Amino acid sequence: MTDLEKTRLCAEAMGIPVELNSLKTGFWMPAFPNAVAHVKDYDPLHDKAQAFELAERLRIGISPPSVDGGLWGANGDYGGCIGDTLARAIVECAAKMQAAKK
């Protein structure tokens, strides 16, 4: 799953309607025109506040990195995920949870 697909799944989990734009350039546009600014700015992989909002809303548990591995952990309803950053671990977990709902 690409980062773009993970971001789309996270947006869906947050209730933000999205669809792939007609040019398929990799940008996700809102299904409703009045939500353009909100979706355009949605990037939980790089925005820590958005990642933490995902963790809070989806009740994702967070594990600190081990001394030797340096990877963050996130645990949700459908298992755990790891990432080199906390935001990535949360997004991986949220995307996995949202994909399982489909």
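Attention here is on the structure that accompanies the text. Since the model is a prediction, treat every value here as computed from it, not as a measurement. (Residues numbered from 1 in each chain as written. Predicted model: local features only at pLDDT ≥ 70, side-chain atom pairs only at ≥ 80, totals over all residues. Heavy atoms only, no water.)

1. Looking at the overall build of the protein chain
When its secondary structure is counted, the protein chain shows four helices and five strands. Listing every helix and strand of the protein chain by position from the N terminus yields α-β-β-α-α-β-β-β-α. Looking at the protein chain as a whole, 37% of its 102 residues are labelled buried. In the protein chain, of all internal contacts separated by at least 6 residues, the share reaching a separation of at least 24 is 37%. Split by element, the accessible area of the protein chain, about 6200 Å² in all, is 55% carbon and sulfur. (Helix = DSSP H or I, 4+ residues; strand = E, 2+ residues; numbered from the N terminus. Buried < 20%, exposed > 50% of the residue type's maximum accessible area, 1.4 Å probe, protein only. Contact = heavy atoms within 4.5 Å. Areas by Shrake-Rupley, 256 points an atom, 1.4 Å probe, with all protein chains shown as cover.)

2. Comments concerning the nonpolar core
By size, the foremost hydrophobic cluster in this structure holds 23 residues, and its most contacted members are Tyr42, Leu54, Leu58, Ile60 and Ile90. At the level of secondary structure, the elements contributing two or more residues to this core comprise helix 1 (3-13), helix 3 (48-58) and helix 4 (86-101). Take this core: its biggest share by element is eight residues, from helix 4. Not counting residues within four places of it along the chain, the set of residues in contact with isoleucine 90 comprises Ala51, Phe52, Leu54, Ala55, Ile60, Ile62 and Ala74. (Core = buried A, V, L, I, M, F, W, Y, C linked by side-chain atoms within 4.5 Å.)

3. Remarks on the pairing of strand 5 (residues 79-83)
Summarising the sheet, strand 4 (residues 72-76) and strand 5 pair through five bridges and their orientation is antiparallel. Directly across from alanine 74, in strand 5, lies its bridge partner cysteine 81. Once strand 4 ends, the chain turns through two residues before running back antiparallel as strand 5. (Pairing = 2+ DSSP bridges.)

4. Remarks on the pattern of salt bridges
Scanning the entire structure with this criterion turns up six salt bridges. Glutamate 12 is the salt-bridge partner of arginine 8, the closest N and O atoms lying 2.8 Å from each other. Here glutamate 12 and arginine 8 lie together in helix 1, a separation of four residues that amounts to about one turn. Relative accessible area serves as the criterion here: at 24%, glutamate 12 is assigned to the partly exposed category. A salt bridge links glutamate 53 to arginine 57; the shortest N-O distance between them is 4.0 Å. Remark: arginine 57 and glutamate 53 occur in helix 3; sequence separation between them is four residues, near one turn of the helix. Within this structure, Asp3, Lys6, Asp84, Arg88 and Glu92 form a network of salt bridges that share partners. (Salt bridge = Lys/Arg side-chain N within 4 Å of Asp/Glu carboxyl O.)

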